[in-house]
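Letter by letter, the chains look like this.
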Amino acid sequence: MERRLAAIVCADVAGYSRMMGADEAGTHAAFKAHRSAIHPIILNHGGRVVKNTGDGFLLEFPSIVGAAEAAVAMQTLMAERNHHLPADRAMQFRLGIHMGDVIADEDEVFGDDVNIAVRLESVAAPGGLAISAKAYGEVGRHLSVALLDAGTHRFKNIKEPVGVWTWAPEGAGAAEAKREVTSLAQQYRTAIVGVLPFVNLSEARDEYFSDGLTEDLIHALSLQSFYRVLARNSTFPFKDKNVSTRLIAREIDATYLIQGSVRRAGSKVRVTAELIAPETGEQLWTGRYDRDIGDIFAMQDEITTSLSTAIATEIFRAEASAPPRMSHDVTAWDRFLKALSHYYRQTKEDFDASIALCKEAIALDPKLSIAHAYLATIQIQGIQFGWIKSTRELWAEGMALAETSVRLDPRSSFAFSILSWAHALEGHYEAAMDAANRAVALNPYDMGARGVLGICHFVTGEHRKAIELFSMAAQRGNSDPRYQWAALNAFSHYLLGQYDATLSWAREQLYINPNHMQALAVRAAALAQLGRSAEAVEAKEVLMSSYPNLTVERHLRNFHWKQAADVEHYRDGLLKAGVPAGKLTLVQTDARRAADF
């Protein structure tokens, strides 16, 4: 358990019991729809859902300003959604807001300050909010709406009286707040993914397996922070229903749908799945997995991991190439998605464009965690590919971007993976391992995190363990350019003296990126170690033609491997291949202008 300062927002629905009595199914569906609509507002203000209750939810924010702004935005949006509904169908939340010291245990929060937020909820008017005087003192001057002093209240089981301020959308400044929340709700409308129940093509007794696989996949995909995944209750009502995917998507507001089937025959099972864009009907990805049943839970977990890794990567690609959803002002999210579209093309020119666009996104919204993580990734990869000059300032910037990404989104496995990677490349071995383990814990299905854990083993000299993790990641997530598993496998095999395997993996990497500097270099070194001198010279010439300023000294400057013997082993291969050892003074004498690799 830990203690931390936090802002707490507690919500419930006014008159929920009455509404459930009149229309149980309709009320439940409406509540879920409203909750999904306000979820982006919570995320945009840095909040997280601590837990959902039958008729409400509990939220935690790192900033009281963010909590209060989110509360105003949520209630303004709800007023807009209720505007055209009959009075008996309008659903109004009451929000209580407080700040203070909370006890955090796993994902839950406890303490008197949480209880005060719960009590404040009862004071709020339907559709409005009640905030403690303590919190109002910190946030009042930052809000664009006027709050009213509701005096001092005594609450059950709360020792001291609590000053209360209130607000409702009908009050002063509501129109301005409404315009603000409309913009916020659209600004970061991330993709929404729905997983339809997998169809059981076997006997009825196997229904548990197809349903269990669907639920596991929903859970695995929900651990990503790039998109939102609809809960089981949103998609399972369509089980065994002959409804078009386009209509389902419109009903649940899904950007992408995943559907599949499970067929069992004796001791074998076949799972097929596809990712579709329902509005166009385009099939974005399809996969088939044939497995022996054996330990059914282990097999189900393995299929879930493979499915979630492949699907997550394809959603990234689809979002990167999708046209902007908004037609008005350019937003940080627009800039980021444009950066992503360039990044996936994997050329030097596109890397330059992607870096510029990520910087624009961060300038528009410094709190956009994923833009920081990708900018760090692209810059570091650019150095490794030989497309960007390596400087201490650039490495320091990459580390700062990774640290900022984690701070902005401490629940992101990807952010912790990039932080681990940056630490590993800088030779901070313990910090790298800690961050990698945190990434795996946050999302056990993230093959990128598993592979980054392999990088931690690689830089400390544990190459067999590294190969195990790299190979696992390459098998299940080999189309994701964020991770260069083939190049990493090439290096691990080289340092074990397995030079033929090095050549195979280097070839694999060069299929994807023919100018990958590190793959070209390790290929030349491996050929030299095998005694294939003529081929080594030819490989060295290809390397030097693309990177004429490359020397062994400059190249190894960025290799902070723990074992000196590993560095010397690699140095030996490069020198045997004929790569120049030191400065190319005949070509250029000004070291400050010479490219560092």
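**Student:** I'm lost on the overall build of the chain in this one. Help?
**Tutor:** Across its full length, the chain holds 24 helices and 14 strands. Burial statistics for the chain: of 597 residues in total, 54% are counted as buried. Within the chain, contacts between residues at least 6 apart in sequence are counted, and of these 67% link residues at least 24 apart. Summed over its atoms, the accessible surface of the chain is roughly 26300 Å², and 51% of this surface lies on carbon and sulfur atoms.

**Student:** So what exactly am I meant to see when it comes to the confidence of the model for the chain here?
**Tutor:** When pLDDT drops low, the exact placement of atoms in the prediction is not to be read closely. When pLDDT is averaged across the chain, the result is 82; 90% of the residues are at 70 or more. A low-confidence stretch, residues 325-329 stays under pLDDT 50, and its non-local contacts, those more than four residues away or across chains, total nine contacts. Low pLDDT, under 50, characterises residues 584-597; the stretch is placed with 27 contacts to residues that sit more than four places away or in other chains.

**Student:** What is the right way to read the pairing of strand S1 (residues 2-13) from this model?
**Tutor:** Consecutive residues of a regular strand have side chains that alternate between opposite faces of the sheet. Sheet analysis places S1 next to strand S4 (residues 93-105), joined by 12 bridges and oriented antiparallel. Residue pairing for S4: arginine 3 is matched across the bridge by isoleucine 103. Alignment of S1 against strand S3 (residues 56-61), held across six bridges, turns out to be antiparallel. Each bridged residue has a counterpart across the sheet, and for aspartate 12 the counterpart in S3 is glycine 56.

**Student:** Before we go on, may I ask you to explain the pairing of strand S8 (residues 162-167) in this structure?
**Tutor:** The buried fraction of S8 amounts to five of the six residues, a majority that puts the element mostly inside the structure. In terms of strand pairing, strand S6 (residues 129-132) meets S8 through four bridges, oriented antiparallel. Considered in S8, the bridge of alanine 130 is made with threonine 166.

**Student:** In this structure, what is going on with the side chain of histidine 423? I would like to understand it.
**Tutor:** Its location among the elements puts histidine 423 in helix H15 (residues 413-426). Excluding residues within four positions of it along the chain, histidine 423 makes contact with Met399, His428, Ala431 and Ala432.

**Student:** How should I be thinking about the pattern of salt bridges in this particular structure?
**Tutor:** When charged atoms on two side chains of opposite charge get close, those side chains can pair. Under the defined criterion, the tally for this structure stands at 17 salt bridges. Residue glutamate 360 is joined to arginine 335 by a salt bridge in which the shortest nitrogen-to-oxygen separation is 3.5 Å. Of this pair, glutamate 360 sits in helix H12 (residues 348-364) while arginine 335 is found in helix H11 (residues 332-343), placing the two residues 25 residues apart along the sequence. Taking the relative accessible area as the measure of exposure, arginine 335 reaches 22% and is therefore partly exposed.

**Student:** Just checking my understanding: could you explain the packing of H15 against helix H16 (residues 429-442) for this structure?
**Tutor:** For any two helices packed against each other, one specifies the inter-axial angle together with the distance between the axes. In contact at an axis separation of 8 Å, H15 and H16 are set at 160° when each is read in the N-to-C sense. In terms of their interaxial angle, H15 and H16 are classed as roughly antiparallel. Judged by the sense of rotation from one axis to the other, the crossing of H15 with H16 is left-handed. Taken together, the residues of H16 that come into contact with H15 (itself represented by Ser413, Phe416, Ser417, Leu419, Ser420, His423 and Ala424) are Ala431, Ala432, Ala435, Ala436, Arg438, Ala439 and Leu442. Residue classes in the contact of H15 with H16 are distributed as nine nonpolar, four polar and one charged.

**Student:** Got a minute to help me understand the environment of alanine 490 in this structure?
**Tutor:** Structurally, alanine 490 can be placed in helix H19 (residues 485-495). Counting along the chain gives 14 residues from alanine 490 to serine 504, while the straight-line C-alpha distance between them is 7.6 Å. Excluding its chain neighbours within four sequence positions, the residues that come into contact with alanine 490 are Thr502, Trp505, Ala506 and Val522.

**Student:** Any chance you could explain helix H22 (residues 533-546) here in plain terms?
**Tutor:** Residues spaced three or four apart along an α-helix point in a common direction, a consequence of the helix completing one turn every 3.6 residues. The terminal C-alpha atoms of H22 lie 20 Å apart, and with 14 residues this matches the ideal 20 Å at 1.5 Å per residue to within 8%. Contacts made by the buried residues of H22 are with helix H21 (517-529) and helix H24 (564-577).

**Student:** Explain helix H20 (residues 499-512) here, please?
**Tutor:** If you check H20, its first and last C-alpha atoms are 20 Å apart, about what 14 residues at 1.5 Å a residue would give, namely 20 Å. Listing the buried residues of H20 in full gives Tyr499, Thr502, Leu503, Ala506, Gln509 and Leu510. Down the axis of H20, the buried side of the element spans an arc of 125°, and every buried residue falls inside it. Residues Tyr511 and Ile512 are exposed on H20 and point more than 90 degrees away from its buried face.

**Student:** Can you help me understand the packing of aromatic side chains in this one?
**Tutor:** The description of two aromatic rings rests on the distance between their centres and on the angle between their planes. What the rule picks out here adds up to 22 aromatic pairs. Arranged with centres 5.7 Å apart and planes meeting at 40°, the rings of phenylalanine 351 and phenylalanine 385 form a pair that is tilted. Note that phenylalanine 351 is positioned in helix H12 and phenylalanine 385 in helix H13 (residues 369-385), a separation of 34 residues in sequence. The same class applies to phenylalanine 351 and to phenylalanine 385, which are both buried. Measuring from ring centre to ring centre gives 6.1 Å for phenylalanine 491 and tryptophan 561, while their planes differ by 70°; the resulting arrangement is edge-to-face. Remark: tryptophan 561 occurs in the loop between helix H23 (552-556) and H24 and phenylalanine 491 occurs in helix H19; sequence separation between them is 70 residues. For phenylalanine 491, a relative accessible area of 3% translates into the label buried. Each member of the aromatic cluster is reached from another via a ring pair, and the members are Phe458, Phe470, Trp485, Phe491, Tyr494, Tyr499, Phe559, Trp561 and Tyr570.

**Student:** Even after reading the chapter, I still don't get the side chain of glutamate 60, so can you show me in this structure?
**Tutor:** Note that glutamate 60 resides in strand S3. Given the relative accessible area of 7%, glutamate 60 is considered buried. One polar contact links glutamate 60 to arginine 4, side chain to side chain, over a distance of 2.7 Å. In this structure the side chain of glutamate 60 is engaged in a polar contact, spanning 2.9 Å, whose partner is the side chain of arginine 48.

**Student:** Sorry, what's going on with the packing of H12 against H13 here?
**Tutor:** The geometry of H12 relative to H13 is characterised by a closest axis approach of 9 Å and an angle of 155° between their N-to-C directions. Put simply, H12 runs roughly antiparallel to H13. With respect to the hand of their crossing, H12 and H13 are arranged in left-handed fashion. The residues of H13 that touch H12, namely those facing Phe351, Ser354, Ile355, Cys358, Lys359, Ala361 and Ile362, are Ala371, His372, Tyr374, Leu375, Ile378, Gln379, Gln381, Gly382 and Phe385. Along the lines of polarity and charge, the residues of the contact of H12 with H13 split into 10 nonpolar, five polar and one charged.

**Student:** Would you explain the environment of glycine 15 in this entry?
**Tutor:** Inspection of the secondary structure puts glycine 15 in the loop between S1 and helix H1 (16-22). Judged by its relative accessible area of 35%, glycine 15 is partly exposed.

**Student:** Would you mind going over the environment of aspartate 55 with me for this structure?
**Tutor:** Looking at the secondary structure, you find aspartate 55 in the loop between strand S2 (48-53) and S3. A relative accessible area of 25% places aspartate 55 in the partly exposed class. Separated by 27 residues in the primary sequence, aspartate 55 and histidine 28 have C-alpha atoms spaced 8.8 Å apart. Those residues in contact with aspartate 55 that lie beyond four places of it in its chain are Ala11, Asp12, Val13, Tyr16 and Phe31.

The rules we used
Residues numbered from 1 in each chain as written. Predicted model: local features only at pLDDT ≥ 70, side-chain atom pairs only at ≥ 80, totals over all residues. Heavy atoms only, no water. Helix = DSSP H or I, 4+ residues; strand = E, 2+ residues; numbered from the N terminus. Buried < 20%, exposed > 50% of the residue type's maximum accessible area, 1.4 Å probe, protein only. Contact = heavy atoms within 4.5 Å. Areas by Shrake-Rupley, 256 points an atom, 1.4 Å probe, with all protein chains shown as cover. pLDDT = per-residue confidence, 0-100. Pairing = 2+ DSSP bridges. Salt bridge = Lys/Arg side-chain N within 4 Å of Asp/Glu carboxyl O. Axes fitted to C-alpha atoms, helices over the stretch in contact; angles between N-to-C directions. Parallel < 35°, antiparallel > 145°, perpendicular 65-115°, else oblique. Left-handed = near helix turned anticlockwise from the far one by under 90°. Nonpolar A, V, L, I, M, F, W, Y, C, P; charged D, E, K, R; others polar. Expected span 1.5 Å × (residues − 1). Arc of directions from axis to C-beta. Phe/Tyr/Trp six-rings, centres within 6.5 Å; stacked < 30°, edge-to-face > 60°. Polar contact = N/O pair within 3.5 Å; in protein donor to acceptor, adjacent residues only side chain to side chain.

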